[in-house]
Amino acid sequence: MSFQDELKKIFVEEKEIPEEFRISEIHQREYLVNGEMKQWDGPVSEVYSPVNIPTVDGLKRKLIGTYPLTTEKEAFEALNAALTAYDNGRGEWPTMRLDGRINCLTVFARKMTEQRALIVKLIMWEIGKSYADSVKEFDRTIEYINATIDALKEIDRSSSRFEIKEGTIAQIRRSPLGIVLCMGPFNYPLNETFTTLIPALLMGNTILFKPPKHGTLVHYPLLRAFMESFPKGVVNTIYGRGAAVIPGIMATGKINVLAFIGSSKVANDLRKHHPKLNRLRAVLSLDAKNTAIITQHADIPSAVNECILGALSYNGQRCTAIKILFVHRSIVHEFNAQLSASISKMKFGMPWEKGVQLTPVAEPGKPAYIREVLDDAIAHGAAVVNENGGVTNESFVFPAVVFPVNNKMKLYREEQFGPVIPVVPYDEIEETIDYLIESPHGQQVSIFSNNPDEVASLIDPLVNQVSRVNINSQCQRGPDVFPFTGRKDSAEGTLSVHDALRSFSIRSLVATKMNDTNKKLLEDIVNERSSDFLSTNFIF
Ligand code: G3H
């Protein structure tokens with residue numbers, strides 16, 4: 001079958017979808033606030049999948065359900081519930097012993113696992129992620145929860161002792177910060193949301209949780225699990241348009257932490273509404289335009305493989321995706337040829353197809369945006385150099401390799417977040433370093449070279465431009481125990497299993513002058529176990 005025929009037939013009728021992957025519409029009419037599933041009979045938002053179905057009127061995005069379009073009133077209801085549950089740090093949750101909180105989270109993880117099949121299916125349908133990657137996203141999240149519990153135990157063990165310095169004895173622990181507003185991205189609606197929500201919860205904060213616009217229904221099967229696993233008001237949901245429901249609650253000044261994964265523009269707009277910025281901690285994962293540098297000493301086939309993984313996994317819709325390639329002029333034509341040949345072999349199709357690598361893109365406006373950046377590049381002297389690059393059928397866009405890209409083009413700076421690979425030829429290595437110095441982004445870079453002197457000469461300047469330098473490997477977040485952060489407009493705060501627990505807490509200490517009276521006082525408190533903070537107990 002020709003490429004054109006294959007592309008035309010990419011979307012199939014419902015009866016052709018294997019039964020185990022079909023989905024029935026889910027109409028959510030509840031939201032979780034103050035430990036109750038409240039009924040909603042107001043307006044709803046329709047959720048359309050990026051997967052189209054052929055109809056007599058042509059291709060139509062499949063409707064997979066609806067969710068409440070709640071208003072500022074319900075957002076305030078959620079805020080008040082979180083404030084009451086926190087009760088200025090005196091509520092049941094922030095004062096609960098760590099083993100109690102861990103037990104609640106363990107119950108939650110068990111209930112979450114019971115919903116695995118439905119959640120995986122919803123990830124697949126709502127954002128068009130392949131079934132295999134949707135399963136990975138779910139399982140990685142459960143692993144993240146377990147690893148977070150282990151990291152917390154580790155922190156607790158090292159905090160369960162007194163320190164004596166310069167005649168002062170102290171016990172230092174981490175305490176919650178208060179009300180955390182968690183907003184995750186569409187591309188990892190479950191995993192990335194939970195990489196902030198779970199550590200924030202475990203540290204004793206109470207949560208306002210707004211699911212991403214695409215990837216909202218994914219969370220519906222978990223509301224009851226939240227309700228049944230945690231005291232009331234500890235986890236509260238907010239639905240509706242972000243611009244309508246979030247500014248008001250930020251303006252109260254009652255949000256203590258903004259945990260946001262998305263664009264730096266939205267993060268800055270939201271933050272501005274808070275009246276006391278010194279009281280707001282921000283944990284942000286933002287824009288990125290990760291760069292790959294392929295030098296004349298690179299192993300071309302292995303660089304091509306890693307760049308394809310880096311640029312096209314989940315169609316390039318990852319904040320960590322490689323979004324621009326600098327290739328040494330002496331090898332660039334060979335590199336482009338091998339890159340194009342490998343792309344032409346990639347399997348495209350529907351998310352449930354076995355081995356599928358390219359699927360429809362999640363955002364409805366993305367195919368038009370991709371056309372716009374391709375036209376802009378062509379107008380400034382570039383071409384799409386791979387066969388069928390940029391060819392589109394509704395929500396599906398075949399990856400485009402664009403060459404030669406220069407600084408006049410949108411693709412040189414804009415984060416395309418989609419299946420487009422801009423290739424810039426370079427002559428001097430200094431040009432690549434200059435690009436990174438001038439870039440507003442600073443998340444990661446990948447260097448491809450087998451020359452140790454050359455790699456070393458790039459590592460030192462680049463570690464001061466970005467937060468992770470990958471050698472002969474694609475850019476990525478994992479392993480989740482490694483620090484994940486960025487410079488400039490790419491992030492604020494550091495996330496890793498361990499660092500996230502620190503980001504959502506603050507150190508508090510109890511200290512006294514070391515004399516006989518105070519020693520006796522501390523001994524009595526510890527022996528009588530009359531304080532949870534001042535205690536040498538720890539969780540095994
Ligand atoms: O979208 C950003 C994600 O954190 C990327 O994670 O590198 O594991 O795909 P990943």
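Everything numeric here is computed off the predicted structure, so don't read it as measured data. (Residues numbered from 1 in each chain as written. Predicted model: local features only at pLDDT ≥ 70, side-chain atom pairs only at ≥ 80, totals over all residues. Heavy atoms only, no water.)

Undergrad: Looking at this model, I keep getting lost on the overall build of the chain. Mind explaining?
TA: Within the chain, the regular secondary structure consists of 18 helices and 25 strands. Compactness check: the chain gives a C-alpha radius of gyration of 25 Å against a globular reference of 24 Å for 540 residues, within 12% of the reference. Buried positions account for 56% of the 540 residues belonging to the chain. Restricting to contacts in the chain with at least 6 residues of sequence separation, those with at least 24 account for 74%. (Helix = DSSP H or I, 4+ residues; strand = E, 2+ residues; numbered from the N terminus. Rg over C-alpha atoms; globule rule 2.2 N^0.38 Å. Buried < 20%, exposed > 50% of the residue type's maximum accessible area, 1.4 Å probe, protein only. Contact = heavy atoms within 4.5 Å.)

Undergrad: Explanation requested: the site of the ligand in the structure shown.
TA: Near the ligand the following residues occur: Arg140, Asn187, Tyr188, Glu192, Arg318, Cys319, Thr320, Gln476, Arg477 and Phe484. Arg140 has a polar side-chain atom sitting 2.8 Å from an oxygen atom of the ligand. Between the ligand and the protein, one listed contact pairs an oxygen atom with a side-chain N or O atom of Asn187 at 2.8 Å. Per-class residue counts for the shell around the ligand are 3 nonpolar, 3 polar and 4 charged. (Near = heavy atom within 4 Å. Polar contact = N/O pair within 3.5 Å; in protein donor to acceptor, adjacent residues only side chain to side chain. Nonpolar A, V, L, I, M, F, W, Y, C, P; charged D, E, K, R; others polar.)

Undergrad: Looking at this structure, how should I read the packing of aromatic side chains?
TA: Both the distance between ring centres and the angle between the ring planes are used here to describe each pair of aromatic rings. Taken as a whole and assessed by the stated rule, the structure comprises 20 aromatic pairs. Both rings, one in Tyr67 and one in Tyr239, keep their centres 6.1 Å apart while their planes meet at 45°; by these two values the pair is tilted. Of the two residues, Tyr67 is situated in strand 5 (residues 58–68) and Tyr239 in the loop between strand 10 (235–237) and helix 9 (242–251); the sequence distance between them amounts to 172 residues. Neither Tyr67 nor Tyr239 differs from the other in exposure class; each is buried. For the pair Phe209 and Phe226, a centre-to-centre distance of 6.4 Å together with 65° between the ring planes defines the contact as edge-to-face. Of the two residues, Phe209 sits in strand 9 (residues 206–210) while Phe226 sits in helix 8 (residues 220–229), which places them 17 residues apart along the sequence. Of the aromatic side chains, those joined through ring pairs into one cluster are Trp93, Phe108, Phe194, Phe209, Phe226 and Phe230. In this structure, Lys129 is placed above the aromatic ring of Tyr188, and the distance from its NZ or CZ to the ring centre is 3.8 Å. Across the ring face of Phe533, the terminal group of Arg173 is positioned such that the distance to the ring centre comes to 6.0 Å. (Phe/Tyr/Trp six-rings, centres within 6.5 Å; stacked < 30°, edge-to-face > 60°. Lys NZ or Arg CZ within 6 Å of the ring centre and 35° of its normal.)

Undergrad: Is there a simple way to think about the side chain of Glu74 in this case?
TA: Position of Glu74 among the secondary structure elements: in helix 2 (residues 72–86). Classification of Glu74 by relative accessible area gives buried; the value is 7%. Look past the residues within four positions of Glu74 in its chain and what remains in contact with it is Tyr31 and Trp40.

Undergrad: Sorry, what's going on with the sheet that holds strand 7 (residues 168–176) here?
TA: Paired through backbone hydrogen bonds, the strands of a sheet run either parallel or antiparallel to each other. The 3 strands are arranged 6-7-25 in an open sheet whose pairing can be described as antiparallel. With one partner strand each, in any of the chains shown, strand 6 (163–165) and strand 25 (505–513) form the two edges of the open sheet. On average, each strand axis in the sheet is tilted by 35° relative to the strand beside it, whichever way the strands run. Bridge analysis of strand 7 against strand 25 gives 9 bridges, and the strand direction is antiparallel. In the strand pairing of strand 25, Ala170 is matched with Ala511. (Pairing = 2+ DSSP bridges. Axes fitted to C-alpha atoms, helices over the stretch in contact; angles between N-to-C directions.)

Undergrad: Even after reading the chapter, I still don't get helix 13 (residues 366–379), so can you show me in this structure?
TA: For an α-helix, the turn length of 3.6 residues means that residues three or four places apart are oriented alike. The terminal C-alpha atoms of helix 13 lie 20 Å apart, and with 14 residues this matches the ideal 20 Å at 1.5 Å per residue to within 8%. If you follow the buried residues of helix 13, they end up packed against strand 15 (383–384), strand 16 (392–393), strand 17 (396–397), strand 18 (400–403), helix 14 (410–413) and strand 19 (420–426). Positive backbone phi, approximately 105°, marks Gly381, located one or two places after helix 13. (Expected span 1.5 Å × (residues − 1).)

Undergrad: Sorry, what's going on with the UniProt feature "domain: Aldehyde dehydrogenase" (unreviewed entry) in the chain here?
TA: When the UniProt feature table is mapped onto this chain numbering, "domain: Aldehyde dehydrogenase" (unreviewed entry) sits at residues 53–505. For the annotated span residues 53–505, helix accounts for 42% and strand for 21% of the residues, and the straight-line distance between the end C-alpha atoms is 47 Å. (UniProt positions renumbered as here; feature names shortened; annotations may be inferred.)

Undergrad: Quick question: what am I supposed to make of helix 12 (residues 332–344) here?
TA: When the terminal C-alpha atoms of helix 12 are compared, their 18 Å separation across 13 residues agrees well with the 18 Å that a helix rising 1.5 Å per residue should span. Buried within helix 12 we find Val332, Phe335, Asn336, Leu339, Ser340 and Ile343. Projected down its long axis, helix 12 shows its buried positions confined to an angular sector of 125°, all on one face. Buried residues belonging to helix 12 abut strand 13 (290–294), helix 11 (300–312), strand 14 (322–328), strand 18 and strand 19. (Arc of directions from axis to C-beta.)

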